[in-house]
Amino acid sequence: EAGVVQSPRYKIIEKKQPVAFWCNPISGHNTLYWYRQNLGQGPELLIRYENEEAVDDSQLPKDRFSAERLKGVDSTLKIQPAELGDSAVYLCASSLPGLYGYTFGSGTRLTVV
Amino acid sequence: AQSVSQHNHHVILSEAASLELGCNYSYGGTVNLFWYVQYPGQHLQLLLKYFSGDPLVKGIKGFEAEFIKSKFSFNLRKPSVQWSDTAEYFCAVRSVNTDKLIFGTGTRLQVFP
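Residues numbered from 1 in each chain as written. Chains lettered and ligands numbered in written order. Predicted model: local features only at pLDDT ≥ 70, side-chain atom pairs only at ≥ 80, totals over all residues. Heavy atoms only, no water.

As for the layout of surface pockets
What counts, and what does not: Put simply, the grid is 1 Å and covers the protein atoms alone, a cavity is a trapped set of points that fit a 1.4 Å probe, a pocket is an open set with protein on both sides within 12 Å along at least five of seven lines, and lining residues have an atom within 4 Å of a point. Grid points are joined across faces, edges and corners, and a volume is the space filled by probe spheres set on the points. Each helix is a run of H or I in the DSSP string that is no shorter than four residues. Each strand is a run of E no shorter than two, and both are numbered from the N terminus. Each residue is assigned to one class: nonpolar for Ala, Val, Leu, Ile, Met, Phe, Trp, Tyr, Cys and Pro, charged for Asp, Glu, Lys and Arg, and polar for all the others, Gly among them.
Considering only enclosed or pocket space, the largest pocket measures out at about 540 Å³ in volume. As for the largest pocket, its lining consists of 27 residues, and the residues nearest its centre are A:R109, B:Q38, B:Y39, B:P40 and B:G41. Elements with a contribution of two residues or more to the lining of the largest pocket: β9 (88-95) and β11 (108-112) of chain A together with β10 (87-95) and β12 (107-112) of chain B. Looking at the lining of the largest pocket, its residues break down into 9 nonpolar, 14 polar and 4 charged. Within this model, the second largest pocket holds a volume of roughly 300 Å³. In terms of lining residues, the second largest pocket is bounded by 17 residues, among which A:P43, A:E44, A:L45, A:Q59 and B:I102 are the most central.

Section: the pairing of strand β4 (residues 31-37) of chain A
All names here are of chain A. Test applied: The buried label goes to any residue with under 20% of its type's maximum accessible area, the exposed label to any with over 50%, and the partly exposed label to all in between, with areas taken from a 1.4 Å probe on protein chains only. Pairing between two strands requires that DSSP report at least two bridges joining them.
When you tally the buried positions in β4, you get 7 out of 7 residues, the bulk of the element. Burial of β4 is two-sided: the residues T31, Y33, Y35 and Q37 facing one way and the residues L32, W34 and R36 facing the other way are all buried. Pairing analysis gives 6 bridges linking β4 to strand β5 (residues 44-50), with the strands arranged antiparallel. Paired with Y33 across the two strands is R48, which belongs to β5. Counting the residues between successive antiparallel strands, the hairpin from β4 to β5 contains 6 residues, one of them, G40, with a positive phi of roughly 80°. Bridge analysis of β4 against β9 gives 7 bridges, and the strand direction is antiparallel. Counted as the bridge partner of W34 is C92 from β9.

What follows is the structure, encoded as structure tokens:
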């Protein structure tokens, strides 16, 4: 089975530019998560989807971050405009409901210069 | 609020030494507990998880963890580490009520031959 697929793996942009990340979860996983991992820190939840509905976006900086999960499968996370402090690894994870763990993708390492 | 503490930020061991990494959480409700490992340049991988039942959980690669409810702890152990165990280890706690997965800040383990 294919794991959680994220693209791109790396992205370097200038500040104030927009950027988007894409995630394809494991087939059949209706729950999808976006996390941000700063250097030397644990991942922090940005948003959680149940199918196409964002059920927890309390940690998403909504002034510049947005996300969508059309049709309850793939998801995109966008930052516009990016700031220097947004440099981090953005992780996508998916899971089944119930007593299952989360499967993480390889992440997108964003560098804002 | 839900939080996770990993008090060991950086652990250095020689091969064959025993390992114990601490993890404490604060949350009064029912929780699921996880340990994830992140090898250099790789994505987060699930080592083991606890949902219910026997509080001593065995995971992959010889790791185990013990859930002590009275101490709000879920320490990770391995009797004899190998050089290949060099990685970052993250403890994570999910509230059953909110389904929110919170990570600790991680412990960097270095094992020298």
